[in-house]
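# Analysis of the macromolecular model
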Amino acid sequence: MRVAVVGATGRIGSLTVAALQHDGHDVVPISRTHGVDVVAGTGLDEALAGVDVVVDAASTNAATEAEAVGFFTAATANLLAAEQRAGVGHHVLLSIAGVRTVPGNAHMAGKRAQEAAVEAGPIPYTIVPATQFHDFPAMVAGWVEQDGVAQLPPLLMQPIAPADVANILARVAIGAPQGRHRDIAGAEPQDLIDMARRTLAGQGRSIRLVPTWHGGIFDETAAGDVLLPAADAEIAPTTFDEWLATQQR
């Protein structure tokens, strides 16, 4: 199949490109690096010519809810319109498990708006809600670190390996549209702060981690089990310990 991957140079996008190519599919990478800007809508018609499926794994580091919503709604509107013109038959969206239950996070607000646009759009779709990735805690620590200190929320999550996410997206892309896919998650629950501490130690980075619900990217609406996957989730094989062993310095 001819599959376009949006966000092809990103962490999940690049792995999805590799998974699809490994299975023999013709992959069209879509990113600004490849001369396509989904927010502006430039280059999309040329990129989607002859494409059967679009996998949207693009993301943003927008700091505010307005910026995140603006990014995801503009990009999705442009994508869906171009897909309709090109005759694309399946739109696959990578989303977040629990995205509808955590109001106090700008990125999740953007993803909710993106999901709504896909559901209301003209292209048959599959939305794949994933739990947080194994590398997420250390990334967050890096984002919020100031003077060697990072304030992190004590989140409970069931993280998934980025490569497992990519493999699932590649599998879903070549199948029929499903509407909403069941949650995808890793093998076991973990604590964000403990994951961050262990990952940073393995990378040789020294950041003091302070548990708090104040001033970070999540507030108390993310407490408890709200970020855990639904009971019928598809469980990916790679554990956090197995992933961590590949990250050692």
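Residues numbered from 1 in each chain as written. Predicted model: local features only at pLDDT ≥ 70, side-chain atom pairs only at ≥ 80, totals over all residues. Heavy atoms only, no water.

This part covers the packing of aromatic side chains. Counted by the stated rule, this structure contains 4 aromatic pairs. Between F136 and W143, the ring centres sit 6.4 Å apart and the planes meet at 85°, which makes this aromatic pair edge-to-face. Ring centres 6.4 Å apart and planes at 80° place the aromatic pair F136 and F218 in the edge-to-face group. With F136 in helix α5 (residues 136-144) and F218 in the loop between β11 (208-211) and β12 (234-235), this pair connects stretches of sequence that are 82 residues apart. Neither F136 nor F218 differs from the other in exposure class; each is buried. (Phe/Tyr/Trp six-rings, centres within 6.5 Å; stacked < 30°, edge-to-face > 60°. Helix = DSSP H or I, 4+ residues; strand = E, 2+ residues; numbered from the N terminus. Buried < 20%, exposed > 50% of the residue type's maximum accessible area, 1.4 Å probe, protein only.)

Relative to the helices and strands, E234 is located in strand β12. Among the residues examined, E234 registers a relative accessible area of 14% and is labelled buried. Aside from chain neighbours lying at most four places away, what touches E234 is I168, R171, H181, R182, D183, I184 and A185. (Contact = heavy atoms within 4.5 Å.)

Moving on, we get to the pairing of strand β2 (residues 26-30). Both strand β1 (residues 2-6) and β2 contribute to a ladder of 5 bridges, which runs parallel. Bridge pairing links V5 to P29 in β2. Chirality of the crossover, the property in question, places the unit of β1, helix α1 (residues 11-22) and β2 among those that are right-handed. (Pairing = 2+ DSSP bridges. Right-handed = clockwise from strand over helix to strand, strands pointing away.)

Relative to the 16 Å expected for 12 residues at 1.5 Å per residue, α1 spans 17 Å between its end C-alpha atoms, a close match to the ideal helical length. Within α1, the full set of buried residues consists of I12, G13, T16, V17, A19 and L20. Angular distribution of buried residues about the axis of α1 spans 165°; they occupy a single face of the element. Residues of α1 that are buried make contact with β1, β2, β3 (53-56), β4 (90-96) and α6 (162-173). G24, located one to two residues past α1, shows a positive phi value of around 90°. (Expected span 1.5 Å × (residues − 1). Arc of directions from axis to C-beta.)

Attention shifts here to the pairing of β3. Working note: regular strand, side chains alternate between the two faces of the sheet. Going residue by residue along β3, you find V53 and V55 tucked away on one face and V54 and D56 tucked away on the opposite face as well. Relative to β3, β1 is paired through 4 bridges, and the arrangement is parallel. Across the sheet, V3 pairs through a bridge with V53, a residue of β3. Pairing analysis gives 4 bridges linking β3 to β4, with the strands arranged parallel.

Looking now at the environment of D194. Here D194 is to be found in helix α7 (residues 192-202). For the pair D194 and P137, spaced 57 residues apart in sequence, the C-alpha separation works out to 8.7 Å.

Our focus in this paragraph is the packing of α1 against α6. The N-to-C vectors of α1 and α6 enclose an angle of 55°; their axes lie 8 Å apart at closest approach. What the angle tells us is that α1 and α6 run oblique. For α1 against α6, the interelement crossing comes out right-handed. Taking contact as the criterion, the partners of R11, I12, L15, T16, A19 and L20 in α1 are, on α6, P162, A163, V165, A166, N167, L169 and A170. Residue composition of the contact of α1 with α6, by class: 10 nonpolar, 2 polar and 1 charged. (Axes fitted to C-alpha atoms, helices over the stretch in contact; angles between N-to-C directions. Parallel < 35°, antiparallel > 145°, perpendicular 65-115°, else oblique. Left-handed = near helix turned anticlockwise from the far one by under 90°. Nonpolar A, V, L, I, M, F, W, Y, C, P; charged D, E, K, R; others polar.)

The next subject is the side chain of T212. Within the fold, T212 resides in the loop between β11 and β12. Here the side chain of T212 touches H214 through a polar contact of 3.0 Å, landing on its backbone nitrogen. Contact partners of T212, with chain neighbours within four places excluded, come to Q151, L152, P153 and P154. (Polar contact = N/O pair within 3.5 Å; in protein donor to acceptor, adjacent residues only side chain to side chain.)

These figures capture arrangement, not role.
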